[in-house]
Amino acid sequence: WGAIGHEAVGFIAMEFLAPNALSFVRSSLGSEFDQSLGTGATWADDVKSEAAFRWSADLHFVDAEDNPPSSCSVSESRDCGSGFCILTAIANYTTRVVQTSLSATQRQQALLFLDHFIGDIGQPLHVEADAVGGNDIDVTCAGSRTNLHSLWDSGMINRLLSANYRNSVTVWADALVTRIQSGDFRSLTSSWLSCTSTTEPARRDGFTTTRTIEDDLRGFLNRNVSDVSEISSRAITPLECPLVWARESNAFDCSIVFSYPSFSDLCTSAYFTNSVPVIEEQIAKQGYRLAAWLNVLFDGST
Ligand code: DCM
Ligand code: DCM
Ligand code: ZN
Ligand code: ZN
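Remember, predicted model here, so these are calculated numbers, not experimental data.

The rules behind the values
Counting starts from 1 at the beginning of each chain's written sequence and moves along it residue by residue. As they are written, the chains are lettered A onward and the ligands numbered 1 onward, keeping that order. Per-residue local features of the predicted model are confined to residues with pLDDT of at least 70, and side-chain atom pairs are confined, for both listing and counting, to 80 or more; whole-chain, interface and lining totals are unaffected and use all residues. Processing note: side-chain calculations cover all non-hydrogen atoms of the structure and skip hydrogens and water entirely. Distances define the donors: N, O and S atoms within 2.8 Å of the metal qualify, as do those within 3.2 Å of Na, K or Ca. Water is excluded, so some sites may look unfinished. Secondary structure elements are taken from DSSP: a helix is a run of H or I of four residues or more, a strand is a run of E of two residues or more, and numbering for both begins at the N terminus. Three labels apply to residues, based on accessible area from a 1.4 Å probe with only protein chains included: buried if under 20% of the type maximum, exposed if over 50%, partly exposed otherwise in between. When we say a residue is near a molecule or strand, we mean one of its heavy atoms is within 4 Å of it. Think of a polar contact as two N or O atoms within 3.5 Å of one another; within protein, one of them needs to be a possible hydrogen donor and the other a possible acceptor, and neighboring residues in sequence only count if both atoms come from side chains. Where accessible areas are quoted, they stem from the Shrake-Rupley method and a 1.4 Å probe; at the residue level, only the protein chains shown are allowed to cover. Centres within 6.5 Å make a pair out of two Phe, Tyr or Trp rings, where for Trp the six-membered ring is used; the pair is then stacked when the planes are under 30 degrees apart, edge-to-face when over 60, and tilted otherwise. Note that a disulfide, as used here, is simply two cysteine sulfur atoms within 2.5 Å.

Enquirer: Would you mind showing me how to read the coordination of the zinc ion (ligand 4) here?
Expert: Four donors placed tetrahedrally around a metal ideally meet at 109.5 degrees, and six donors placed octahedrally ideally meet at 90 or 180 degrees. The coordination sphere of the zinc ion (ligand 4), as far as protein atoms go, consists of His-60 (ND1), His-116 (NE2) and Asp-120 (OD), spread over 2.0 to 2.2 Å. Here the donor residues of the zinc ion (ligand 4) share one chain and are spaced in sequence as H-x55-H-x3-D. Separating the zinc ion (ligand 4) from the zinc ion (ligand 3) is a gap of 5.7 Å. Within this pair, whereas His-60 is found in the loop between helix 4 (43-47) and helix 5 (76-79), its partner Asp-120 is found in helix 7 (residues 104-120), the two being separated by 60 residues in sequence. For Asp-120, a relative accessible area of 0% corresponds to the buried category.

Next comes the structure, spelled out in structure tokens:
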């Protein structure tokens, strides 16, 4: 997502944190991030172009080698064989955010990465390899040329906020919180939390990887890694829940994202009105899941 999508995920999560999770979030993020997951949510995008954090750029997505819109799937071994993807990133920072042997700065970074990646994994084009996650598909939105990835990250969100939410991310986030607490999302929340184990390892998915340890090491050394302890991917056990979330987002690539009409303006067509409910549900759901994830880690239950 773009900045607005990420901020909305964080602001929504703030409304559902249990006491210990809230207290950790506030003290860890501090005044630098307004003690808020909403303000902190864009940090991972802000730093990924800096030399010191270039290694983290590939952690924002998983390139699922499926074939939308006819066939959609995500496989940890097929699609994250290098160990550098959003699935392993969430596993890595889930462990690190509660690791008391780490410094306050390391745990703050783990929190900021989780805040961001639990948002990105809900963006269908962050769980898709085709056309580089849609970046190579040129489309038009309200007369402006863009690409399918950017349309989903921000193009349609900008248009939605301008039409319905006074161009304000907090107005939008508050509206989604109300829908979760007492509106149409309320009946969905228990299914949103059908996966909450922060420790259950991902089950074998039937794909076998042909990568060797040598391949991994070569990929690893080619990267400009400044802080190897931040990654140490070989020690990460992939988790089941991020895989469940990724498969759910990836299914939208087959049901809607790649079924766009050629030659029409996607933001003034049925494509926009059909996509908006998906965007709003994915943002609300990932905000709610971010809170539940931190609640399990810091308070022992959702
Ligand atoms: N992206 C993605 N999948 C890829 C490559 C990039 O989801 N295989 C995302 C990351 C950014 C956006 O696309 O949100 C643009 O990427 P970049 O800034 O690397 O061009
Ligand atoms: N599945 C998988 N890897 C996972 C989770 C599920 O390959 N980590 C597959 C196995 C089944 C299907 O998804 O074909 C449904 O699994 P289940 O009914 O166990 O959730
Ligand atoms: Zn993106
Ligand atoms: Zn991102």
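Enquirer: How do you make sense of the site of ligand 1 when you look at a structure like this?
Expert: The full set of residues close to ligand 1 is Lys-48, Phe-61, Asp-63, Leu-125, His-126, Val-132, Asn-135, His-149 and Asp-153. Between an oxygen atom of ligand 1 and a side-chain N or O atom of His-126, the distance comes to 3.3 Å. In the complex, the protein chains occlude 65% of the 450 Å² of accessible area that ligand 1 would expose alone.

Enquirer: Hey, could you run me through the packing of aromatic side chains in this one?
Expert: For the structure on display, the rule yields 14 aromatic pairs. Measuring from centroid to centroid gives 5.0 Å for Trp-43 and Phe-113, while their planes differ by 70°, and the two rings are edge-to-face. Taken as a pair, Trp-43 in helix 4 and Phe-113 in helix 7 lie far apart in primary sequence, 70 residues in all. What makes Trp-43 buried here is its relative accessible area of 12%. Looking at Phe-113, the relative accessible area reads 0%, which means it is buried. Measuring from ring centre to ring centre gives 5.4 Å for Phe-185 and Trp-192, while their planes differ by 55°; the resulting arrangement is tilted. Phe-185 sits in the buried class, given a relative accessible area of 3%. The exposure class assigned to Trp-192 is buried, which follows from its relative accessible area of 3%. Three or more aromatic residues joined by ring pairs form one cluster here, namely Trp-43, Phe-53, Trp-55, Tyr-93, Phe-113 and Phe-117.

Enquirer: Please explain unusual backbone geometry as it appears in this structure.
Expert: Negative phi characterises most residues that are not glycine, and trans characterises most peptide bonds. Omega for the peptide link from Pro-68 to Pro-69 comes to 5°, which places this bond in the cis form. Checked against the element boundaries, Pro-69 lands in the loop between helix 4 and helix 5. For Gln-35, which is not glycine, the phi torsion reads 55° and is therefore positive. Among the structural elements, Gln-35 can be located in the loop between helix 2 (19-29) and helix 3 (37-40). We classify Gln-35 as partly exposed; its relative accessible area is 29%. Although it is not a glycine, Phe-263 sits at a positive phi angle of roughly 65°. With respect to the helices and strands, the residue Phe-263 is situated in the loop between helix 12 (240-257) and helix 13 (270-299).

Enquirer: What am I meant to see in the state of the cysteines here?
Expert: Linking two cysteines covalently via their sulfur atoms produces the bond known as a disulfide. This model, assessed by the stated rule, comprises 4 disulfides. Sulfur-sulfur distance for the disulfide between Cys-80 and Cys-85 comes to 2.2 Å. When the S-S torsion is -110°, as for the bridge of Cys-80 with Cys-85, the disulfide is left-handed. Accessibility assignment for this pair places Cys-80 and Cys-85 in one class, buried. Two residues share a disulfide in this structure: Cys-141 and Cys-267, whose sulfurs sit 2.0 Å from each other. Torsion about the S-S bond of the Cys-141 and Cys-267 cystine: about -100°, corresponding to left-handed handedness. A residue pair is termed long-range when its members are at least 10 positions apart, and Cys-141 in strand 1 (residues 138-141) and Cys-267 in the loop between helix 12 and helix 13 qualify at 126 residues. As far as the burial class goes, Cys-141 and Cys-267 line up, both buried. Take the cysteines of the chain that form disulfides and number them in order along the sequence; they join up as 1-7, 2-3, 4-8, 5-6.

Don't take any of this as a statement about function, it's just geometry.
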